[in-house]
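Tertiary structure, described
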Amino acid sequence: MINSMANTFSGGIKLNDGKELSKDAPITTILPGPEMVYPLLQHIGNPSVPVVREGDHVLMGQKIAEADGDLSAHLHASVSGKVLGIENRLTADGQAVPSIIIANDRRYLEIFYPENRKLRYTSRQTMLHAIREAGIVGLGGSGLPTYFKLLGANTRRIDYCIANLVECEPYLTSDYRRILETPEKIVNGLRIMLTMFPRARGILAVSDSNQEGYRALKECTRQDERIYVRRLHDKYPQGSERQLIYALTGRTLNAKMLPYEIGCIVNNTDTLAAINQAVITHEPLITKIITVSGDAVREPANFRVRIGMSYREVLEAAGGLKPGLRPEECVYLDGGPMMGHRIDPGLDIPVTKLSSGIIVLTRKSMQASDPSACMRCGRCVEVCPNNLVPMQLFKDTEKGNEHAFIRHNGLECCDCGTCSYICPARINLSSSIVQMKNQILHDPDLAGDYARRYVRS
Ligand code: SF4
Ligand code: SF4
């Protein structure tokens, strides 16, 4: 039964979301510059293996690297041009990753795509194959290959196929625009899921404030008896997988589990649109829709960009910084301000499958006072959506005590940042907690079952 009572979860916070800066900016396509960079690691598994060499000419949509194992994913050229080589390049998280470099010939010559498939004549096996071939991974940031997630799910045990359209991160509006402009692509992605899981109901979940999106989706699904459109409370982190599933179904998930173990399949907006494209039109994942916003950006925008182009080019397309602002007066974020990361290596880094937004804020707007001692107010405990005690976990991190951290359920943290946001003593709780969590997750002996979603195959 769909959980009609909750519509939300315990904890969480109301945020000033800054979405007004870019929500009315329609999605426009921008073209990349002369050099494209394709890191071989844009998913959680092993790096993909190049199938092109220096000097090769490639077409747009051509496979340039093969998945290495089930947790890895194929990679495709998003332009036509010449392979310049394979070398280490920095990515948004500051890591140097082996990358295929392609000189864009600006002709955008495509591979040949067969005739569109008709959903009713397409088998589950063909759909799975198409999703794998297209290189689709969890585009909300998980990087888990979608093929792997769907393959593991028992078709008779899935009760809900959920479309996560909540987009609760401040400033990001790419999902909002996609829902308004092309709702049928998202709904078609969900219809494909429902064909694969014939016992399931489909739920399109949007936030309460997204009235326009709700109406567009309702209109689009009038004939779909198995699809429901649900509005959820405007609260952060409502779009986090565990909080979303609980609000919609009343079922609880922990960080050791995948949603299919409790009868749910969850995909976000981008992933569903990519699934539709892969299954119906045979096209691989070579573009992303990303938001460029923040109080430092001249013309906040939503762009359809090619994977491989640089963040610098994308920011320039939005007019760059506001007049009079110098780069050193700004903070650059990959993703939203709650779960995104500061871009430290500079803007000459490539858009990847996992890019969702470039947010640039003035240092002035972010100025926080220095942290003071914990005053034991308990607010971090009240807001933690996973019922953790962040102040205790923070103490464990200060002592470097990994065993205590595990005992206090630190591995259940979903990286939402809510505790840091609320703390009146300005203690950056979440960054220390997330750092220790990731450290433990990279040690399978310590992490045990928790490592299954993170360890490379
Ligand atoms: S401890 Fe983790 S899950 Fe809890 S509020 Fe902090 S960041 Fe979010
Ligand atoms: S919110 Fe900050 S000050 Fe309050 S208990 Fe938590 S860590 Fe301490």
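Since the structure is predicted, the reported quantities are computational estimates derived from the model, not experimental observations. (Residues numbered from 1 in each chain as written. Chains lettered and ligands numbered in written order. Predicted model: local features only at pLDDT ≥ 70, side-chain atom pairs only at ≥ 80, totals over all residues. Heavy atoms only, no water.)

Here the focus is the pattern of salt bridges. One pass over the full model with this rule turns up 17 salt bridges. Put simply, glutamate 219 and arginine 222 hold a salt bridge, and the shortest N to O gap is 2.8 Å. For glutamate 219, a relative accessible area of 48% translates into the label partly exposed. For glutamate 329, the salt bridge identified is with arginine 326, shortest N-O distance 3.3 Å. With relative accessibility at 27%, the residue glutamate 329 sits in the partly exposed group. For arginine 326, a relative accessible area of 45% puts it in the partly exposed group. It is possible to trace a salt-bridge network through shared partners that takes in Glu35, Glu87 and Arg89. (Salt bridge = Lys/Arg side-chain N within 4 Å of Asp/Glu carboxyl O. Buried < 20%, exposed > 50% of the residue type's maximum accessible area, 1.4 Å probe, protein only.)

Relative to the helices and strands, phenylalanine 303 resides in strand S14 (residues 301-306). The contacts of phenylalanine 303, once residues within four sequence positions are left out, are Ile27, Thr28, Ile30, Lys288, Ile289, Ile290, Val292, Val314, Ala317 and Ala318. (Helix = DSSP H or I, 4+ residues; strand = E, 2+ residues; numbered from the N terminus. Contact = heavy atoms within 4.5 Å.)

Now for the domain arrangement of the chain. Splitting the chain by domain gives domain 1 (19-24 + 124-281), domain 2 (33-104), domain 3 (292-366) and domain 4 (379-453). Between domain 1 and domain 3, the C-alpha centre-to-centre distance is 26 Å. Carbon and sulfur atoms make up 61% of the area that domain 1 and domain 3 hide from each other, which totals about 1300 Å². Interface area lost by domain 1 to domain 3 is led by Glu169, Tyr171 and Leu172, which between them contribute 35%. (Domains from an automatic or database assignment. Buried area = accessible area lost by both parts, 1.4 Å probe.)

The next point concerns the site of ligand 1. All residues in the neighbourhood of ligand 1 are listed as Cys384, Pro385, Asn386, Pro390, Cys413, Cys414, Cys416, Gly417, Thr418, Cys419 and Ser430. For the shell around ligand 1, the class distribution of residues is 7 nonpolar, 4 polar and no charged. (Near = heavy atom within 4 Å. Nonpolar A, V, L, I, M, F, W, Y, C, P; charged D, E, K, R; others polar.)

Here the focus is the packing of aromatic side chains. As enumerated under the stated definition, the model contains 0 aromatic pairs in all. A cation over a ring is seen here: arginine 132 above tyrosine 147, with NZ or CZ 5.0 Å from the ring centre. It is arginine 231 that lies over the ring of tyrosine 214; its NZ or CZ is 4.2 Å from the centre. (Phe/Tyr/Trp six-rings, centres within 6.5 Å; stacked < 30°, edge-to-face > 60°. Lys NZ or Arg CZ within 6 Å of the ring centre and 35° of its normal.)

Pairing within the open sheet is antiparallel, and its 4 strands lie in the order S2-S8-S7-S4. This sheet does not close on itself; its edge strands, each paired only once, are strand S2 (35-39) and strand S4 (57-58). Pairing of S2 with strand S8 (residues 96-104), which is carried by 5 bridges, proceeds in the antiparallel orientation. Note on S8: the bridge partner recorded for methionine 36 is isoleucine 102. (Pairing = 2+ DSSP bridges.)

Here histidine 43 shows up in the loop between S2 and strand S3 (49-50). For histidine 43, a relative accessible area of 8% gives the class buried. At 2.8 Å, the side chain of histidine 43 and the backbone oxygen of asparagine 46 are in polar contact. (Polar contact = N/O pair within 3.5 Å; in protein donor to acceptor, adjacent residues only side chain to side chain.)

The peptide bond linking tyrosine 236 to proline 237 adopts the cis configuration, its omega dihedral lying at 0 degrees. Here proline 237 is to be found in the loop between strand S11 (227-232) and helix H6 (241-249). You will see that tyrosine 108, though not glycine, has its phi angle at about 55 degrees, which is positive. By the secondary structure assignment, tyrosine 108 is in the loop between S8 and helix H1 (124-133). Owing to a relative accessible area of 18%, tyrosine 108 belongs among the buried residues under this scheme.

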